Amino acid sequence: MENQANNPISGAEAVIRCLLAEGVDLIYGYPGGAIMPIYDELYKYSDDLTHILTRHEQGATHSAQGYARTSGKVGVAMATSGPGATNLVTGIADAQIDSTPMVCITGQVASHLLGSDAFQETDIIGISTPVTKWNFQITKASEIPEIMAKAFYIARSGRPGPVLIDITKDAQFELFDYSYEKCKGVRSYVPTPTLDPKQVEAAAEAINKAKKPMIIWGQGVILGKAEEEFKAFVETSGIPSVWTILGLSALPTKHPLNFGMVGMHGNYGPNVLTNECDVLIAIGMRFDDRVTGNLETYAKQATVVHLEIDPAEISKNVKADFPVLGNCRESLAQLTSLVKHEEYAEWKQLFADHMAIEIKEVINGDTLPTKDGLTMGEVIVGINKYTKGDAVIVTDVGQHQMIACRYAEFVRSKSNVTSGGLGTMGFALPAAIGAKMGAPDREVVAVIGDGGYQMTIQELGTIFQNKTAVKIVVLNNDYLGMVRQWQQLFFDKRYASTEMTNPDFVTIAKGYHIDAQRVSKREDLDQAIETMIASDKPYFLEVCVEKEANVFPMIPTGASVSDIRLK
Amino acid sequence: MSEFTKYTISIYTENNIGLLNRVSAIFLKRHINFISFSTSQSEIPDVFRFIIVVSMTETGVKKITQQIEKQIDVIKAYYHTDEETIFQESALYKVKSSSLFEERQIQNMIKDSHANIVTVSPEYFVIEKTGFRDETEELREALAPYGLLQFVRSGRISITKEKMGISEILNSFNQQNKD
């Protein structure tokens, strides 16, 4: 407990001291009228706390998210009232649906002006309520220590999520006797349900009876810091394992029991065999509709075991026959001691058979193309070659995201940063900044489409100012590719507003003094990727890819996972 | 399971600004309307109780109750059928005083429906009736021909037949948070 009795400080200074007490050394934000007292304190504390000025508040939230995802710490974003606060909302919603720990601090008009439609007043508490794990408006400086402590506790505990703290300008100026105590609990909130050994035993019994079991793991493995326990469970049981997009990288790509991705553009075998397995073991995942396709025909034959920290996810979309509530780090450790090992040779052969079909029908064309146009897949394969699977791959939303997640190789966890649940175009560039700052020793490659790139392109300024050595690969097909793909397949090729007349991206990057090149021929690609990865500075690479390529396999909306299309 | 039934959702919460917004947002997100809503102090100091009546499937009400309980400041949320609760609504009726004296049957209506006269002034009088929805509704319909100046009905208030045990839950929270 830090005690500074009889030495009053301002609310604004208290905010900074609270951040430092929570171990924060890096925050993202954008100043403005209602948060100026806090920025003034940031100036004084600049030796202890680094503030990264993004070029838009949305960039601050996505950077904070990227930072949280690679560092495992709470990301912090700060903005002023009104438009500053509303610009945070997309990032907050993204963090909420992808369970990213983040604390956002917004300035607010002085408390006597609340409700008067004052300059830059907006009801950010009301606006952010549905997309925050918790939020609170502070109107007195004396509330700051307790509320800040609670904010960090709530953001990082249990199923993590975003918390927004709105602080009126008068509370920032007000002097008070500061003391800080970390939050150890909130009486109405149980972050992690206590593990019930009976649930573990029942789950183990179901698993041990299985002839064709399948594991689907999600981000819960990463958020629960359970990668080791998960690997031990997979290896001990010998059960074939597949991942959701946010679970990616928790188990190395080349692990013999890693059989690929489930979901709309996931692998053929994992999707088809979801409807053939006898026991489905879901670990830290939430059966999103992009994973399940039509729920009426999803894994109806399977006994479902669900390891989950959030009780509200149990039987929300798919009925759990054997729920195991708790942190999967704990439940997996117990489960491992109770499961038997099996080879499941015939069952695994089915995965291999389906993979052979997918390689022939889809993967060869994506990764070893013989036709003229460059494919997104061969770019990802080129990145794998030079990063050896050890890079953090940050993706935006769309075709490039699906291709990157399908083909990027990973050797360690916390290496896949993408906008999963919300599908936020514009996420990748600012998230890559945060990802690099959260893991400064790692190579960070942002793979982005030409559409999403232009939604937050201004963050090139942040990269330039901070010399953030991220590698930016724009896969340019002059289309909003995924929407165009749907228009082609489901709307009779009526390409409504999906074709883009793009600027000279290389010139733009160079305008920010970022090394840049453009590739449009296969023979130049390998060298370009090698040059990019070899650089120790920010680098921009535009790859002009085939304009009308489609991502397959694909489960059309409303179809069953077993009706996945290969073309 | 897929039939719509009337459910009473009881929510025990901390008394925090904005919590009503947070709870109602859960219904808004799912395009569900309240049939009735009321809130008051509960049996425990500083703990509030929301009573929300909705028409939903049991699967739906179960999921929404889980989402409500997930909110940080919510202590516990339950859902019950009408058979599992004792519930009432209260209604106020404002009628011209002249009709009370000119139309004798009004006095009989008040007596027969076990309503009470709350206040009488030279211009108007106010009747109060507590009961089930159909009972307050019946009186409203009966009084309507005599010129109802104002009518208002409260949200449902409800008490469960089973024990709620909120104090025990609060104690166990405190215990778990200590561990």
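Residues numbered from 1 in each chain as written. Chains lettered and ligands numbered in written order. Predicted model: local features only at pLDDT ≥ 70, side-chain atom pairs only at ≥ 80, totals over all residues.

## Describing the overall build of chain B
Right, so step 1: Across its full length, chain B carries six helices and nine strands.
Right, so step 2: Since a compact globule built from 179 residues should have a radius of gyration of about 16 Å, the 20 Å found for chain B marks it as more spread out than a globular shape.
Right, so step 3: For chain B, the spread of C-alpha atoms along the three principal axes comes to 70 × 40 × 30 Å.
Right, so step 4: The long-range share in chain B, meaning contacts at least 24 apart out of those at least 6 apart in sequence, stands at 75%. (Helix = DSSP H or I, 4+ residues; strand = E, 2+ residues; numbered from the N terminus. Rg over C-alpha atoms; globule rule 2.2 N^0.38 Å. Contact = placed C-beta atoms within 7 Å.)

## Brief notes about the overall build of chain A
Right, so step 1: Secondary structure assignment for chain A yields 23 helices and 22 strands.
Right, so step 2: For 567 residues, the compact-globule formula gives about 24 Å, and the C-alpha radius of gyration of chain A, at 24 Å, lands near that figure.
Right, so step 3: Dimensions of chain A along its principal axes, counting C-alpha atoms only, are 75 × 60 × 40 Å.
Right, so step 4: Of the contacts formed within chain A by residues at least 6 apart in sequence, a portion of 78% connects residues at least 24 apart.

## Focus on the domain arrangement of chain A
All names here are of chain A.
Right, so step 1: Domain assignment breaks chain A into domain 1 (2-180), domain 2 (197-350) and domain 3 (372-544).
Right, so step 2: Distance between the C-alpha centres of domain 1 and domain 3: 30 Å.
Right, so step 3: With 25 residues of domain 1 at the contact, the number on the domain 3 side is 26 residues.
Right, so step 4: Per element, the largest residue contribution to the side of domain 1 that touches domain 3 is 11 residues, and it comes from helix H3 (residues 57-71). (Domains from an automatic or database assignment.)

## Remarks on helix H18 (residues 428-438) of chain A
Right, so step 1: Here H18(A) lies mainly inside the structure; 11 of its 11 residues are buried.
Right, so step 2: Turning to H18(A), its buried residues are A:Ala428, A:Leu429, A:Pro430, A:Ala431, A:Ala432, A:Ile433, A:Gly434, A:Ala435, A:Lys436, A:Met437 and A:Gly438. (Buried ≥ 20, exposed ≤ 12 C-beta atoms within 10 Å, placed from the backbone.)

## Quick look at the interface of chain B and chain A
Right, so step 1: On the chain A side, the residues contacting the 19 residues of chain B number 19 residues.
Right, so step 2: Elements represented by at least two residues in the side of chain B that touches chain A include exactly helix H1 (19-29), helix H2 (58-70), strand S4 (74-81) and helix H6 (166-178) of chain B.
Right, so step 3: Broken down by element, the side of chain B that touches chain A gets its largest block of residues, five residues, from H6(B).
Right, so step 4: In the side of chain B that touches chain A, the residues fall into six nonpolar, seven polar and six charged. (Nonpolar A, V, L, I, M, F, W, Y, C, P; charged D, E, K, R; others polar.)

## Observations concerning the packing of helix H9 (residues 197-208) of chain A against helix H14 (residues 328-336) of chain A
Residue and element names in this part refer to chain A.
Right, so step 1: Viewed as axis vectors pointing N to C, H9 and H14 meet at an angle of 50°, and their least axial separation amounts to 10 Å. In terms of orientation, H9 and H14 fall into the oblique class. Here the hand of the crossing between H9 and H14 comes out right-handed. For the pair H9 and H14, the contacting residues are Pro197, Val200, Ala203 and Ala204 in the first and Ser331, Gln334 and Leu335 in the second.
Right, so step 2: Its residues assigned to classes, the contact of H9 with H14 comprises five nonpolar, two polar and no charged. (Axes fitted to C-alpha atoms, helices over the stretch in contact; angles between N-to-C directions. Parallel < 35°, antiparallel > 145°, perpendicular 65-115°, else oblique. Left-handed = near helix turned anticlockwise from the far one by under 90°.)

## Considering the sheet that holds strand S15 (residues 303-308) of chain A
All names here are of chain A.
Right, so step 1: Across the sheet, which stays open at both edges, the six strands sit in the order S13-S12-S11-S14-S15-S16 with parallel pairing between neighbours. With partners counted over all chains shown, the strands left at the sheet margins are strand S13 (258-261) and strand S16 (322-325), one partner each. Between one strand axis and the next, the sheet turns by 20° as a mean value, whatever way the strands run.
Right, so step 2: Note that strand S11 (residues 213-217) and strand S14 (residues 279-283) share five bridges and pair parallel. Considered in S14, the bridge of tryptophan 217 is made with isoleucine 283. (Pairing = 2+ DSSP bridges.)

## Re the domain arrangement of chain B
Right, so step 1: The domains assigned to chain B are domain 1 (5-85) and domain 2 (87-153).
Right, so step 2: Each of domain 1 of chain B and domain 2 of chain B has a C-alpha centre, and these two points are 31 Å apart.

## With respect to the environment of A:Thr168
Residue and element names in this part refer to chain A.
Right, so step 1: Examined against the element boundaries, threonine 168 turns out to sit in strand S8 (residues 162-168).
Right, so step 2: Among the residues examined, threonine 168 registers 24 C-beta atoms within 10 Å and is labelled buried.
Right, so step 3: Here the alpha-carbon distance between threonine 168 and alanine 345, two residues 177 residues apart in the chain, equals 63 Å.
Right, so step 4: Beyond its immediate sequence surroundings of up to four residues, threonine 168 is in contact with Gln108, Val109, Ala110, Ser111, Ile138 and Thr139.

## Focus on helix H1 (residues 11-21) of chain A
Right, so step 1: Of all 11 residues that make up H1(A), nine are buried, and the element is covered over most of its length.
Right, so step 2: Following H1(A) by one or two positions, A:Gly23 adopts a phi angle in the positive range, close to 80°.

## A closer look at the sheet that holds strand S5 (residues 75-79) of chain A
Within a sheet, each strand pairs with its neighbour through backbone hydrogen bonds, oriented either parallel or antiparallel.
Residues and elements named next belong to chain A.
Right, so step 1: The six strands lie next to each other as S4-S3-S5-S6-S8-S7, forming an open sheet whose pairing is parallel. Taken across any chain shown, the strands that pair with only one partner, and hence form the sheet edges, are strand S4 (50-53) and strand S7 (134-138). In this sheet, adjacent strand axes meet at a mean angle of 20° when their direction is disregarded.
Right, so step 2: Contacting strand S3 (26-29), S4, S5 and strand S6 (102-108), H3 runs over the sheet at an angle of about 170° to S5.

## Here we look at the environment of A:Val394
All names here are of chain A.
Right, so step 1: The topology assignment puts valine 394 in strand S17 (residues 392-395).
Right, so step 2: What makes valine 394 buried here is the crowd of 34 C-beta atoms within 10 Å.
Right, so step 3: For the pair valine 394 and proline 430, spaced 36 residues apart in the sequence, the C-alpha separation amounts to 9.7 Å.

## Quick look at unusual backbone geometry
All names here are of chain A.
Right, so step 1: Residue proline 553 follows phenylalanine 552 across a cis peptide bond; omega there is 0°.
Right, so step 2: Its location among the elements puts proline 553 in the segment after strand S22 (539-544).
Right, so step 3: Phi is positive for tyrosine 344, which is not a glycine, with a value near 50°.
Right, so step 4: Counting through the fold element by element, tyrosine 344 comes out in the loop between H14 and helix H15 (345-367).
Right, so step 5: Judged by the 20 C-beta atoms lying within 10 Å of it, tyrosine 344 is buried.
Right, so step 6: With phi around 60°, lysine 493 is a residue other than glycine that occupies positive phi space.

## Quick look at the packing of helix H16 (residues 376-387) of chain A against helix H23 (residues 522-534) of chain A
Residue and element names in this part refer to chain A.
Right, so step 1: For the pair H16 and H23, interaxial distance at closest approach is 9 Å and the crossing angle is 45°. The angle between H16 and H23 places the two elements in the oblique class. Considering how the two elements wind past one another, H16 and H23 form a crossing that is right-handed. Across the interface between the two elements, Glu378, Val379, Gly382, Ile383, Tyr386 and Thr387 of H16 pack against Leu525, Asp526, Ile529, Glu530 and Ile533 of H23.
Right, so step 2: Of the residues assigned to the contact of H16 with H23, the class counts are six nonpolar, two polar and three charged.

## What to know about the confidence of the model for chain B
It should be kept in mind that the predicted coordinates are not to be read in detail where pLDDT is low.
All names here are of chain B.
Right, so step 1: For chain B, per-residue confidence averages 92 on the pLDDT scale, and 97% of positions sit at 70 or higher.
Right, so step 2: By mean pLDDT, H6 is the weakest element of chain B at 77, and H2 is the strongest at 97.
Right, so step 3: Prediction confidence for the complex, expressed as pTM and ipTM, is 0.96 and 0.93 respectively. (pLDDT = per-residue confidence, 0-100.)

## Focus: the pairing of S6(A)
Residues and elements named next belong to chain A.
Right, so step 1: Counting buried positions over the seven residues of S6 gives seven, a clear majority of the element.
Right, so step 2: Neither face of S6 is open: one carries Met102, Cys104, Thr106 and Gln108, the other Val103, Ile105 and Gly107, and all of them are buried.
Right, so step 3: Pairing between S5 and S6: five bridges, direction parallel. When the bridges of S6 are listed, methionine 78 appears paired with isoleucine 105.
Right, so step 4: Direction of pairing for S6 relative to S8: parallel, over a ladder of seven bridges.

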